[in-house]
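Examination of the molecular architecture
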Amino acid sequence: MRHKLKENRHICTIEQTRISQAENRALPRHVKILRALQKLRLASDQHPSTEKHLKSSYQIIKENERLQQCFPAFIIHPFSLLRLYSDVVVFIVMNLHLMLLPFAFSFLAFETRPTRHLVEYIDLSLCVILVVEFALTFCTGFVVLETNEIVLNPRKIFFNRLRPFRLMYDLLLFFPYILLLEVFDELIVEAGAEASLVFVSFLYLCNIARFRDSNRYFSVIPRSLDISQSKMRIVEVIMNTLYVLHWTTCLGYIIPVLLKVDSSARTSDEEELLAAMHLPQPNVSAALERVANPFVRVRLTDLDTSTAYRYLRSMMITLRVGLASSEKKDIEEHYVYHWIMWLVMFLGWLWFNYVPVVLCRFFDSPEMATDQYDKFMANLKAFVYNKRLSATLERKLRNNFATRFRTRYFDEEMIMGLFPSNLRSSIRMETCRHLVASVDLFKNLPYFILTDIVNCLQLEVYLRDDVIIAAGSYGDSMYFLAAGTVAVYAMNGKELGHLTDGAYFGEISLIRRNQQRTANVVALEACEIYRLSHEDFQNVVKPHAYLLNRIRKQAEQRLAMMKRKKDKMYGKKFFEAFLQ
């Protein structure tokens, strides 16, 4: 649904719709703007999750009616454009915040105040946006994954967000840690090595797990661009690797400094380093002549280089240590050093062995429905190339398959073949009984007859502008519209009406075979339709002559009544068309 272009949308010519459209165009500009803003909170077919949970425009309309009629005006639908835009913005803001935070404490802690103030203002602005997003979640519905239920009740939303662990987890995200940068070089360092290490470790542990949230927000972007699931996961692994590498690089630079400036056992060389770090423009060459400690000399040299150079050099050292290809020789005399280096080496070994396993699983995971879907799409692309099919036909093939399986491929025949006939009938009845039971001709039929009719239904998928019934053709089937919207046109091209989810048409063809159609039925969007052929219906009902006669009599009475009825809105041909 979200793939439809605005200029290709159906232009309704029904009189009532045209009047409504003309009235909307005549509204004042401020009213149009207000309606556009209100529309942002409603479910939209442009949200990538809408197609999975709401299969047709009719379902989207009903969901928006439920939102507007049953809940306050501040409630936002989880599949709205406002959520789509906010997820993209929060993804960018969250990653900037989580990348800027460790960089500021590691490389800007001893910079001049103007530089630190600029970074603080930027990060505080990002925190404000995250606070707005946090408040917005208390107004946004959510989906229960176990049942796919869309919850819009304000009370349930409020208590869902107030779960203790989740609340603390969210609050720690936008806490303004950056304000501590003002006193970090004076207060935190003076507190001692252990206190400093506890602080940076707390900062690391509170935010390193945030890549999970980042992935959640990121998933909206590739799904909006129709990027395959396997490619999206590869990008997520790359992002997570860079994210962890960035944090470890920053900590690998600042932790040795914190341990070396321990106030309880500070040497003259370390005093020289601390004094130079607090100066706006230190005389590095003069300081180097007065110190002999290799670590202090390296850090003094850093003060005379750019921040980018220090960051890249620290990243190179972190990679080498993480891959266990070398050992860091900065502070080997400190007992904390051995534990830190062992942990970095172990986590690096674990991560860089985990990544290839994950990538191999992406390329070879036949048990996953999304991966099978991507594999089929790759096979379809090769098939189209081999057969030299046009781009238009390829697009129709892909859209047809996407509508049928909703990006989750499964072998229905194989699955159904695993179950006995009674379970297969139960599955079909639960899926289609509501469609068959709504037909007037089938009311009061015995349950076993309805079961046989449901077992005869065949699923067909029609895309936008596909002709389901052509005027002048001869009817041999009845159609049940499971999801989607179709338009009915008279032979002269006049639009007579729309049919939506749960509708049916062509039931007279079950009784009168080869009756000529008098109208066109065209899909206005991707439609899932179940077809019941004349032969299958006759085979089911023919052994029960009394039922067949009763249905035939009802059909004749219904057709006669419809022919006599003069409907001012649609005209008599509309009813004959969708009956046949």
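Throughout what follows, the structure given in this document is the object of discussion. Quick caveat: nothing in here was measured; it's all calculated off a predicted structure. (Residues numbered from 1 in each chain as written. Predicted model: local features only at pLDDT ≥ 70, side-chain atom pairs only at ≥ 80, totals over all residues. Heavy atoms only, no water.)

Applying the stated criterion across every chain yields a total of 13 aromatic pairs. An angle of 70° between the planes, with centres 5.7 Å apart, marks the rings of F103 and Y311 as edge-to-face. Of this pair, F103 sits in helix α5 (residues 81-107) while Y311 sits in helix α17 (residues 307-322), and the two are 208 residues apart along the sequence. Overall, the relative accessible area of 15% leaves Y311 in the buried class. Taken together, the ring pairs in this structure connect F134, F138, F158, F159 and F174 into an aromatic cluster. Lying across the ring of Y217, R216 places its NZ or CZ 4.5 Å from the centre. Note that R388 overlies the ring of Y385, its terminal NZ or CZ placed 4.9 Å from the centroid. (Phe/Tyr/Trp six-rings, centres within 6.5 Å; stacked < 30°, edge-to-face > 60°. Helix = DSSP H or I, 4+ residues; strand = E, 2+ residues; numbered from the N terminus. Buried < 20%, exposed > 50% of the residue type's maximum accessible area, 1.4 Å probe, protein only. Lys NZ or Arg CZ within 6 Å of the ring centre and 35° of its normal.)

Before going further, it helps to examine the sheet that holds strand β11 (residues 519-523). Here we have four strands laid out as an open sheet, ordered β4-β11-β7-β8, and antiparallel in their pairing. Only two strands of the sheet have a single partner each, and these edge strands are β4 (467-469) and β8 (495-499). Put simply, the sheet's adjacent strands are angled 30° from each other on average, direction ignored. Two strands pair when backbone bridges link them, and β4 and β11 are joined in this way by two bridges, in the antiparallel orientation. Considered in β11, the bridge of I469 is made with V521. (Pairing = 2+ DSSP bridges. Axes fitted to C-alpha atoms, helices over the stretch in contact; angles between N-to-C directions.)

Turning next to the pattern of salt bridges. Under the counting rule described, the total for this entry stands at eight salt bridges. Between R66 and E63 there is a salt bridge, with the nearest N and O atoms lying 2.6 Å from each other. Of the two residues, R66 and E63 both sit in helix α4 (residues 57-70), three residues apart, roughly one turn of that helix. Exposure remark for R66: the relative accessible area of 28% places this residue in the partly exposed category. Linking D170 and R161 is a salt bridge whose minimum nitrogen-to-oxygen distance equals 2.6 Å. Several salt bridges share partner residues, and in doing so they unite R83, D87 and E133 into one network. (Salt bridge = Lys/Arg side-chain N within 4 Å of Asp/Glu carboxyl O.)

Next up on the list: the packing of α5 against helix α11 (residues 211-218). As a packed pair, α5 and α11 sit with axes 8 Å apart at the nearest point and diverge in direction by 145°. Judged by the sense of rotation from one axis to the other, the crossing of α5 with α11 is left-handed. Side by side, α5 and α11 meet where R83, D87, V90, F91, M94 and N95 of the first sit next to D213, S214, Y217 and F218 of the second. (Left-handed = near helix turned anticlockwise from the far one by under 90°. Contact = heavy atoms within 4.5 Å.)

For the rest of this paragraph, the subject is the packing of helix α22 (residues 421-437) against helix α23 (residues 447-455). It is at 9 Å that the axes of α22 and α23 come closest, and there the two elements cross at 95°. Taken together, α22 and α23 sit at an angle that is classed as roughly perpendicular. From α22, S425, R428, M429, C432, R433 and V436 reach across to α23, where they touch Y447, L450, T451, I453, V454 and N455. Across the contact of α22 with α23, the residue classes break down as seven nonpolar, three polar and two charged. (Parallel < 35°, antiparallel > 145°, perpendicular 65-115°, else oblique. Nonpolar A, V, L, I, M, F, W, Y, C, P; charged D, E, K, R; others polar.)

With 40 residues, the main nonpolar core has M94, F105, L130, F184, V200, W247 and I254 as its most contacted residues. Elements supplying a minimum of two residues to this core: α5, α6 (113-137), α9 (181-190), α10 (193-208), α11 and α13 (229-260). Dropping the residues within four chain positions of it, F105 is found in contact with Y177, I178, L180, L181, F184, F199, L203 and I254. Listed in part, the 29 residues of the second largest apolar core include L435, V454, I511 and L532. (Core = buried A, V, L, I, M, F, W, Y, C linked by side-chain atoms within 4.5 Å.)

On to a nonpolar patch on the surface, then. A surface patch of nonpolar side chains, about 600 Å² in accessible area, is lined by F410, M414, I415, L418, F419, L423 and I427. Counting residues per element, the ones that place at least two in the nonpolar patch are α21 (412-417) and α22. Summarising the element assignment, F419 is placed in the loop between α21 and α22. (Patch = residues over 30% accessible without salt bridge, like charges linked within 9 Å, V, L, I, M, F, W, Y side chains within 5 Å. Areas by Shrake-Rupley, 256 points an atom, 1.4 Å probe, with all protein chains shown as cover.)

Along the chain, M416 turns up in helix α21. In sequence terms M416 and I427 are 11 residues apart; their C-alpha atoms lie 8.9 Å from each other. The residues contacting M416, other than those within four sequence positions of it, are R424, I427 and R428.

The backbone of N148 shows a phi angle near 60°, a positive value even though the residue is not glycine. Structurally, the position occupied by N148 is in the loop between β1 (142-144) and β2 (149-151). With relative accessibility at 43%, the residue N148 sits in the partly exposed group. The residue D465 is not glycine, and still its phi comes out positive at about 75°. Along the chain, D465 falls in the loop between β3 (458-462) and β4.

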